[in-house]
Amino acid sequence: SKKITKICCIGAGYVGGPTMAVIAQKCPDIKVTVVDINSRRIAAWNDEDVDKIPVYEPGLSEVVAEARGRNLFFSTEVDKAIDEAEMIFISVNTPTKTYGKGKGMAADLKYIELCARQIARVAKDDKIVVEKSTLPVRTAGALKSILQNTGNGVRFDILSNPEFLAEGTAVQDLLAPDRVLIGGDSEESIRALADVYANWVPEKNILTTNVWSSELSKLTANAFLAQRVSSINALSELCEKTGADVNEVARAIGTDSRIGPKFLKASVGFGGSCFQKDILNLVYIAKSYGLNEVADYWEQVVLMNDHQKHRFADNIITTLYNTVSGKKIAFLGWAFKKDTNDTRESAAIHVADYLLNEQAEIVVYDPKVTEEQIYADLDYLNTRDEKENRKLVTVVNDPYKAMKEAHAVAVLTEWDEFRAYDWQRVYDTMLKPSFVFDGRAVLDREQLTDMGFEVYTIGVGR
Ligand code: NAD
Ligand code: UDX
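Residues numbered from 1 in each chain as written. Chains lettered and ligands numbered in written order. Predicted model: local features only at pLDDT ≥ 70, side-chain atom pairs only at ≥ 80, totals over all residues. Heavy atoms only, no water.

Q: Just checking my understanding: could you explain the site of ligand 2 for this structure?
A: As a matter of local geometry, ligand 2 sits amid 20 residues, with Leu 165, Lys 218, Ser 267, Lys 337 and Arg 440 nearest to it. In this structure, Glu 163 approaches ligand 2 through a main-chain N or O atom, which is 3.2 Å from an oxygen atom. Phe 336 places a polar main-chain atom, nitrogen or oxygen, 2.8 Å from an oxygen atom of ligand 2. Its free accessible area being 650 Å², ligand 2 has 91% of it covered by the protein chains. A per-element tally of the shell around ligand 2 places helix α9 (residues 211-242) first, with 4 residues. Classifying every residue of the shell around ligand 2 by side-chain character gives 11 nonpolar, 3 polar and 6 charged. (Near = heavy atom within 4 Å. Polar contact = N/O pair within 3.5 Å; in protein donor to acceptor, adjacent residues only side chain to side chain. Areas by Shrake-Rupley, 256 points an atom, 1.4 Å probe, with all protein chains shown as cover. Helix = DSSP H or I, 4+ residues; strand = E, 2+ residues; numbered from the N terminus. Nonpolar A, V, L, I, M, F, W, Y, C, P; charged D, E, K, R; others polar.)

Here it is in structure tokens:
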């Protein structure tokens with residue numbers, strides 16, 4: 001099969017950046033160029049100080065430091081990179097539509113289509129185009145028809161190669177993936193892409209399917225994973241009412257090898273850029289085929305998640321004697337999970353919004369998220385004006401400062417450092433009674449209770 005020597009990736013985000021960095025590290029003979037229209041992002045990827053790259057992932061700056069300038073390049077020259085490459089990954093964002101038909105449900109494919117048209121315009125020789133973005137099933141058909149009607153005699157093969165990395169463990173997931181999935185029609189092109197991965201992934205972990213199965217498998221995987229979280233979260237509420245402990249229930253059921261122990265951690269709700277978007281997309285697709293029962297079944301996973309975020313906030317208000325107006329509430333964590341600086345769809349945003357509607361004063365501490373990002377997340381909701389958000393919310397870089405003189409502490413992200421704090425010191429500086437709302441079940445409940453805290457832990461009944 002064709003040996004690939006030059007790869008271009010369109011989109012230098014949370015997927016394109018880490019994925020291409022690892023390909024470049026593992027395939028020193030392939031020149032990998034990652035392009036983006038966002039010049040600020042590209043400049044950050046090129047920052048001399050590798051700790052300033054725009055995506056925080058454990059181990060990523062080391063990989064970038066090794067490959068960057070050798071065979072890994074970040075650039076805004078999209079046309080040039082397309083022209084040079086034999087294989088082009090499309091890794092642009094596919095957010096939920098915010099307008100028009102399918103608003104709030106369907107994936108917005110405008111960035112994908114723009115990429116296809118740009119490739120069609122620029123390409124002078126045959127290209128393998130790889131869908132790395134998560135796309136609705138049958139998108140490859142649309143790409144094909146855009147690419148094939150250029151009349152310039154260039155042959156395009158389209159492959160689906162969805163990415164299964166999770167943020168916070170991206171490098172580890174890329175280095176040792178459970179599987180790499182490649183869907184396509186052309187055996188030769190599938191082989192060319194499989195050969196790239198075979199530089200470090202065992203052949204048995206490289207699965208090939210038809211293109212539609214590959215596209216649909218990505219939505220399915222995320223739907224199943226999110227469903228497990230919503231399932232355990234649904235039970236967490238019942239545990240709180242009955243005196244059961246959801247962590248014990250999870251351990252008990254997780255030892256059944258058919259169920260398995262992973263992804264059974266009750267939480268304040270799942271976040272991240274993928275789960276909600278991909279399930280809503282699945283629901284929209286099912287509806288578009290008239291499969292209403294299928295659509296309703298999956299939509300419930302998202303509805304349960306919304307409920308979980310609301311009931312967490314609601315419980316804070318009820319516990320604080322039905323009013324949080326003017327009360328200082330310290331947020332530990334803003335990212336949607338630990339070990340990432342990504343905040344997209346983070347439960348913290350929605351819990352904060354709910355409490356701000358009750359006129360709470362929120363002080364946020366997160367080890368990796370910037371103040372600018374936190375305000376941007378709140379402003380994006382459009383619930384109140386920007387001035388009000390800055391008046392009610394303060395961002396600090398010292399957790400003890402965040403919790404000083406607070407009525408309550410709410411844990412929104414499971415960062416490891418939260419466990420290690422000097423909780424006696426925190427207790428001494430907080431208002432009394434000192435409430436802790438542990439939305440991630442990470443703190444030592446017994447120890448904190450002994451110190452005098454009033455502790456609520458998600459999924460733990462009293
Ligand atoms: P992202 O928003 O971090 O990055 C996308 C980048 O594409 C942005 O920097 C944007 O400027 C750029 N872009 C958009 N249109 C462009 C164009 N026409 N030309 C050049 N650049 C353009 O998004 P992400 O989190 O990396 O996700 C990308 C895709 O991967 C999505 O489809 C997502 O569903 C999927 N995915 C994400 C994850 C994850 O954990 N984030 C995991 C698996 C799959
Ligand atoms: C997810 C998929 O795991 C990954 O395969 C896909 O490529 C992209 O979407 P990501 O969103 O980065 O990855 O992180 P993930 O670890 O799946 O966590 C998603 C959300 O679920 C987080 O908010 C996390 O805190 C929450 N979660 C996860 C739980 O609340 N409980 C769990 O047991 C697991």
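And the narrative resumes.
Q: Mind showing me how you'd approach the nonpolar core here?
A: It is characteristic of soluble globular proteins that their nonpolar side chains tend to be buried jointly. Counting residues in each nonpolar core, the largest one holds 66 residues, and the members touching the most others are Phe 312, Phe 331, Trp 334, Leu 355 and Trp 423. Top element by residues in this core is helix α13 (residues 347-357). It accounts for 7 residues. Of all hydrophobic cores here, the second largest spans 45 residues; its members include Tyr 14, Ile 42, Val 64 and Ala 192. (Core = buried A, V, L, I, M, F, W, Y, C linked by side-chain atoms within 4.5 Å. Buried < 20%, exposed > 50% of the residue type's maximum accessible area, 1.4 Å probe, protein only.)

Q: Can you walk me through the side chain of Asn 341 in this structure?
A: Looking at the element boundaries, Asn 341 is found in the loop between β9 (328-332) and α13. On the accessibility criterion, Asn 341 (18% relative accessible area) is buried. Polar contacts involving the side chain of Asn 341 include one to the main-chain carbonyl oxygen of Pro 54, which spans 3.4 Å. One polar contact links the side chain of Asn 341 to the main-chain amide nitrogen of Tyr 56, over a distance of 3.3 Å. Not counting residues up to four positions away in its chain, the partners in contact with Asn 341 are Tyr 14, Pro 54, Val 55, Tyr 56, Lys 368 and Val 369. (Contact = heavy atoms within 4.5 Å.)

All we've got here are geometric facts, nothing functional implied.
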